[in-house]
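# Coordinate inspection notes
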Amino acid sequence: MKTRIKEFRKKLGITQEELARLVGVRRETIVFLEKGKYNPSLRLAWKISKTFGKRIEEVFSFEDEE
């Protein structure tokens, strides 16, 4: 899964820690999401997207690994 979390977070001028606090997770979760090492739950994806004022599809995209 690819994300644009870092891009949108930078546009808002917030840190990983601030985003984590806003969506109720640890900073490490945001780090792993930005690096593509963790797939969020639908609820977390929705919270992150809502924080950015974007649709889930704008923040997260699935790429087939085949």
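Rules of the game
Residues numbered from 1 in each chain as written. Predicted model: local features only at pLDDT ≥ 70, side-chain atom pairs only at ≥ 80, totals over all residues. Heavy atoms only, no water. Salt bridge = Lys/Arg side-chain N within 4 Å of Asp/Glu carboxyl O. Helix = DSSP H or I, 4+ residues; strand = E, 2+ residues; numbered from the N terminus. Buried < 20%, exposed > 50% of the residue type's maximum accessible area, 1.4 Å probe, protein only. Arc of directions from axis to C-beta. Contact = heavy atoms within 4.5 Å. Core = buried A, V, L, I, M, F, W, Y, C linked by side-chain atoms within 4.5 Å. Axes fitted to C-alpha atoms, helices over the stretch in contact; angles between N-to-C directions. Left-handed = near helix turned anticlockwise from the far one by under 90°. Nonpolar A, V, L, I, M, F, W, Y, C, P; charged D, E, K, R; others polar.

This part takes up the pattern of salt bridges. One pass over the structure, following the stated rule, counts 5 salt bridges. Where Arg-9 meets Glu-34, a salt bridge forms, and the shortest distance between an N and an O atom there is 2.6 Å. Taken as a pair, Arg-9 in helix α1 (residues 5-12) and Glu-34 in helix α3 (residues 27-34) lie far apart in primary sequence, 25 residues in all. The class for Glu-34 is buried, based on a relative accessible area of 18%. As a salt-bridge pair, Arg-26 and Glu-28 come within 3.3 Å of each other at their nearest N and O atoms. Judged by relative accessible area, which is 59%, Arg-26 ranks as exposed. For Glu-28, a relative accessible area of 33% corresponds to the partly exposed category.

For the rest of this paragraph, the subject is helix α2 (residues 16-23). When α2 is considered as a whole, its buried residues turn out to be Gln-16, Leu-19, Ala-20 and Val-23. Across the axial projection of α2, the buried residues extend over an arc of 100°, all falling on one side. Turned more than 90 degrees away from the buried face of α2 sit Arg-21 and Leu-22, all of them exposed. Each element contacted by the buried residues of α2 is listed here: α1, α3 and α4 (42-52). Positive phi appears at Gly-24, one or two residues downstream of α2, with a value of about 80°.

Counting 14 residues, the largest nonpolar core has Ile-5, Leu-19, Ile-48, Phe-52 and Val-59 as its most contacted members. Of all the secondary structure elements, the ones that give two or more residues to this core are α1, α2, α3 and α4. Sort the elements by how many residues they give to this core and α4 lands first, with 4 residues. Once you skip the residues sitting within four places of it in the chain, Leu-19 turns out to touch Ile-5, Arg-9, Ile-14, Ile-30, Thr-51 and Phe-52.

We now examine the packing of α1 against α4. Packing of α1 against α4 leaves a shortest axis separation of 10 Å and a crossing angle of 35°. α1 and α4 meet at a crossing whose hand is left-handed. From α1, Ile-5, Phe-8, Arg-9 and Leu-12 reach across to α4, where they touch Ile-48, Thr-51 and Phe-52. Residue classes in the contact of α1 with α4 are distributed as 5 nonpolar, 1 polar and 1 charged.

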